[in-house]
Protein chains: 2
Amino acid sequence: MGVVVNLDSGKREATIKPLIDLTKADMGRVNELILSKAGSDVEMIPEVANHLISSGGKRLRPMITLAAATMFGYEGDGHVKLATSVEFMHTATLLHDDVVDESDLRRGKKTARMIWGNQASVLVGDFLLGQAFRMMVEVGSLEALDILSSAAAIIAEGEVMQLAAANNLETTEDEHFAVIKAKTAALFSAAAEVGPVIANATRADRAALRSYGINLGLAFQLIDDALDYGGSSADMGKNVGDDFREGKITLPVILSYRRGTLDEREFWKSAIEQGANDDAALERAISIMTRHGAVADTISRARHFGEIARDALAPLPNTPQKSALIDVIDFCIRRIN
Amino acid sequence: MGVVVNLDSGKREATIKPLIDLTKADMGRVNELILSKAGSDVEMIPEVANHLISSGGKRLRPMITLAAATMFGYEGDGHVKLATSVEFMHTATLLHDDVVDESDLRRGKKTARMIWGNQASVLVGDFLLGQAFRMMVEVGSLEALDILSSAAAIIAEGEVMQLAAANNLETTEDEHFAVIKAKTAALFSAAAEVGPVIANATRADRAALRSYGINLGLAFQLIDDALDYGGSSADMGKNVGDDFREGKITLPVILSYRRGTLDEREFWKSAIEQGANDDAALERAISIMTRHGAVADTISRARHFGEIARDALAPLPNTPQKSALIDVIDFCIRRIN
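This is a predicted model, so every value here is computed, not measured.

Novice: Got a sec to walk through the overall build of chain A? Specific residues and values, please.
Specialist: When its secondary structure is counted, chain A shows 16 helices and two strands. In summary, chain A has a C-alpha radius of gyration of 20 Å against a globular reference of 20 Å for 337 residues, a match within 12%. Dimensions of chain A, computed from the C-alpha atoms along their principal axes, are close to 60 × 50 × 35 Å. When the 337 residues of chain A are sorted by exposure, 61% land in the buried category. Carbon and sulfur atoms form 48% of the exposed surface of chain A, whose accessible area is close to 12700 Å². For chain A, the separation between the mean place of its 36 positive charges and that of its 47 negative charges on side chains is 4 Å.

Set out below in structure tokens:
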């Protein structure tokens, strides 16, 4: 599986450290709030919720919310609640995604649906979404509520869009960008924008963080798609070829199909549309991708959005938060996990 | 299937008419808003949503919201948005419920999950929930948002509670009431309470409508449970015995099990816990229920909550809305559908 992915792996973990350090105290409060708001007398709820919550995600989204609030001088505690809401929205999405994708593993662990069933995953996801909205309401900012509730609808819309395009190799690159913009980038965007909103920053500041979030999210998802055809299971917490075996339409597949010979297109049809996706097929898929530079170009598309995210923050005064958020872009593009 | 259920069927449809008449103009606007907010460029969304929306539910919950607002002199248009939000929350719950219960039919029609799959049902439910929150945010009442977002979390909590108690014949009546209070009554309560809230009515008025809603919801669910063991498929839009075949723990089962002989308890274990639930078993179940008066007593429990709902409204001035809401109690208890 020798796809050449230039990930500059030496710098990878270092680049997110400034954000972790900056948000350390607030993230302690977020983590406490996560545990308390995932609690319920109905035992199955904290069991299922904590399975996901404790599964080693980096909590990038809530850290972005915290930094995006304090960089504009926010001093209240609403950012902690909003950050927790953002993480709950993300967790709810993961629970529902695993049901929709029929996934067995996430970050190397059995998915909740494999342990407690699809039913519990759907309902605990609904519970976490409800708790997320309750926390947002407690903060009392109608603007933040507007941003986050809109994101919730857009994310679901993006997931349906993806479902409708499932297995469709004729999906264009633009159509694919519309999907990932909605299903992934919308939450990054909302997570970033609510910071300046509760800090009463200017409209320009809001727009800057929104743009940072959406472009960071696009880069993040494209790298995720690229990693599925490179990297190793231990590093990334999912198995190489998961997307392939699920017949998912991702950018490496879209580019390979469009650039492919007639023979290769037949191969993609049998693999993605008809499910002929065993290990030999995966090996051939990766070899075709390498020939067409599909993974490398997916990464270069990600860099493009990363650059836009960087420029979105450029006009802002130099603060430790700004610098940490810019480092996150590099982290996302270089990340293995 | 000769259970004797005294439903006073002569008055049944008449009792909801005052509420329909009173809310007719506003419901026209609710119905328009439902269509527009269930819309999306992603075709599958309106398809799935409209399948449920057009399936002939009575839209009792939004009518309650509308009447509960105008009875306190509300003159804005926020009640139309809140009523639509309430209906969307209900529709989202139905979509997810059908997935969780693996139901094939709802109100005599194929469920969305049978036509578009579980995946679409989960995601379109999420979309409608997101749209519901967006509309609530537009109304701008943090108190109404608090009530409805809390209801969303409580409903999901109730569903998980029900899932955890699934097939457990040792469930007590109190535990069962806790489940239906959360999964059904919480939304009726929220639907009723947001009326006085946006009308800036007194705390006492809010409490009255909240109490009306919760007790009406309990009565409503108990009658639903009773109907599953009496009535006919055409009348009620579901098949007699649906709950039985799904091994659902409902009050008629709980009472029959607790009052039963050792032999009968063995029967319930094989039927509910081990799934021996063919037509002969259903016939025996209904005959055991009849002997123990389990369906009749479920209805009498419903009447009890109906009385509390009625008394909750007693102190309020006599208005057409009050009278229509009281009629709804009788309708719910007498309803076939």
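Novice: Describe the side chain of Asp205(A), naming the residues involved and giving the relevant values.
Specialist: Residue and element names in this part refer to chain A. Here Asp205 lies in helix H9 (residues 203-227). The side chain of Asp205 sits in the buried core without any salt bridge; Arg206 is the nearest counter-charge, 9.7 Å away. For Asp205, the residues in contact, after removing those within four places along its chain, are Phe72, Pro196 and Leu316.

Novice: How would you summarise the relation of the copies chain A and chain B if you had to cite specific residues and measurements?
Specialist: The operation relating chain A to chain B is a screw motion whose rotation component is 180°, with 0.0 Å of axial translation and a residual RMSD of 0.0 Å. Both chain copies can therefore be described as sitting about a two-fold axis. The fraction of interface residues of chain A whose copies in chain B are also interface residues reaches 97%, indicating that both copies meet through the same surface.

Novice: Quick rundown of the nonpolar core? Include the residues and the values.
Specialist: Leu60(A), Leu209(A), Tyr212(A), Trp268(A), Leu60(B), Tyr212(B) and Trp268(B) are the most contacted members of the largest nonpolar core, which has 240 residues in total. Non-local contacts of Leu60(A), meaning those with residues more than four positions away in its chain, are made with Ile16(A), Leu19(A), Phe188(A), Phe220(A), Val328(A), Phe331(A) and Cys332(A).

Novice: Could you give an account of the pattern of salt bridges, naming the residues involved and the relevant values?
Specialist: Applying the stated rule across the entire model yields 39 salt bridges over all chains. The residue Arg301(B) makes a salt bridge to Glu173(B) at a minimum N-O spacing of 2.5 Å. Taken as a pair, Arg301(B) in helix H15 (residues 294-313) and Glu173(B) in helix H8 (residues 173-198) lie far apart in primary sequence, 128 residues in all. Of the charged contacts in the structure, one is a salt bridge between Arg291(B) and Glu264(B), with a shortest N-O distance of 2.5 Å. On the criterion of sequence distance, the pair formed by Arg291(B) in helix H14 (residues 279-292) and Glu264(B) in helix H13 (residues 262-273) is long-range, its members being 27 residues apart. The exposure class assigned to Arg291(B) is exposed, which follows from its relative accessible area of 55%. Residue Glu264(B) is classed as buried on the basis of its relative accessible area, which comes to 4%. Each of Asp101(A), Asp243(A), Glu246(A) and Lys248(A) takes part in a single network of salt bridges with overlapping partners.

Novice: Mind laying out the packing of helix H7 (residues 142-164) of chain A against helix H6 (residues 112-139) of chain B, listing which residues take part and the relevant values?
Specialist: Direction vectors running N to C along H7(A) and H6(B) enclose 160°, while the axes themselves pass 8 Å from each other. When the axis of H7(A) is compared with that of H6(B), the two are roughly antiparallel. Considering how the two elements wind past one another, H7(A) and H6(B) form a crossing that is left-handed. Touching Leu142(A), Leu145(A), Asp146(A), Ser149(A), Ser150(A), Ala152(A), Ala153(A), Ala156(A), Glu157(A), Glu159(A), Val160(A) and Leu163(A) of H7(A) are Gln119(B), Ala120(B), Leu123(B), Val124(B), Asp126(B), Phe127(B), Gly130(B), Gln131(B), Phe133(B), Arg134(B) and Val137(B), all from H6(B).

Novice: Summarise the interface of chain A and chain B; cite the residues concerned and give the values.
Specialist: Facing the 36 residues of chain A at the interface are 35 residues of chain B. Buried area between chain A and chain B, summed over both chains or domains, comes out near 3300 Å², and the portion from carbon and sulfur atoms is 78%. Where chain A touches chain B, the interface holds zero salt bridges. At the boundary of chain A with chain B, the tally comes to eight residue pairs in polar contact (both at pLDDT 80 or more). With 14 residues, the single largest contributor to the side of chain A that touches chain B is H7(A). For the side of chain A that touches chain B, a count of residues per class yields 21 nonpolar, eight polar and seven charged.

So, how was this worked out
- Residues numbered from 1 in each chain as written.
- Chains lettered and ligands numbered in written order.
- Predicted model: local features only at pLDDT ≥ 70, side-chain atom pairs only at ≥ 80, totals over all residues.
- Heavy atoms only, no water.
- Helix = DSSP H or I, 4+ residues; strand = E, 2+ residues; numbered from the N terminus.
- Rg over C-alpha atoms; globule rule 2.2 N^0.38 Å.
- Buried < 20%, exposed > 50% of the residue type's maximum accessible area, 1.4 Å probe, protein only.
- Areas by Shrake-Rupley, 256 points an atom, 1.4 Å probe, with all protein chains shown as cover.
- Lys, Arg positive; Asp, Glu negative; His and termini not counted.
- Charge placed at Lys NZ, Arg CZ, Asp CG, Glu CD.
- Salt bridge = Lys/Arg side-chain N within 4 Å of Asp/Glu carboxyl O.
- Contact = heavy atoms within 4.5 Å.
- Least-squares fit on C-alpha atoms with pLDDT ≥ 70 in both.
- Core = buried A, V, L, I, M, F, W, Y, C linked by side-chain atoms within 4.5 Å.
- Axes fitted to C-alpha atoms, helices over the stretch in contact; angles between N-to-C directions.
- Parallel < 35°, antiparallel > 145°, perpendicular 65-115°, else oblique.
- Left-handed = near helix turned anticlockwise from the far one by under 90°.
- Buried area = accessible area lost by both parts, 1.4 Å probe.
- Polar contact = N/O pair within 3.5 Å; in protein donor to acceptor, adjacent residues only side chain to side chain.
- Nonpolar A, V, L, I, M, F, W, Y, C, P; charged D, E, K, R; others polar.

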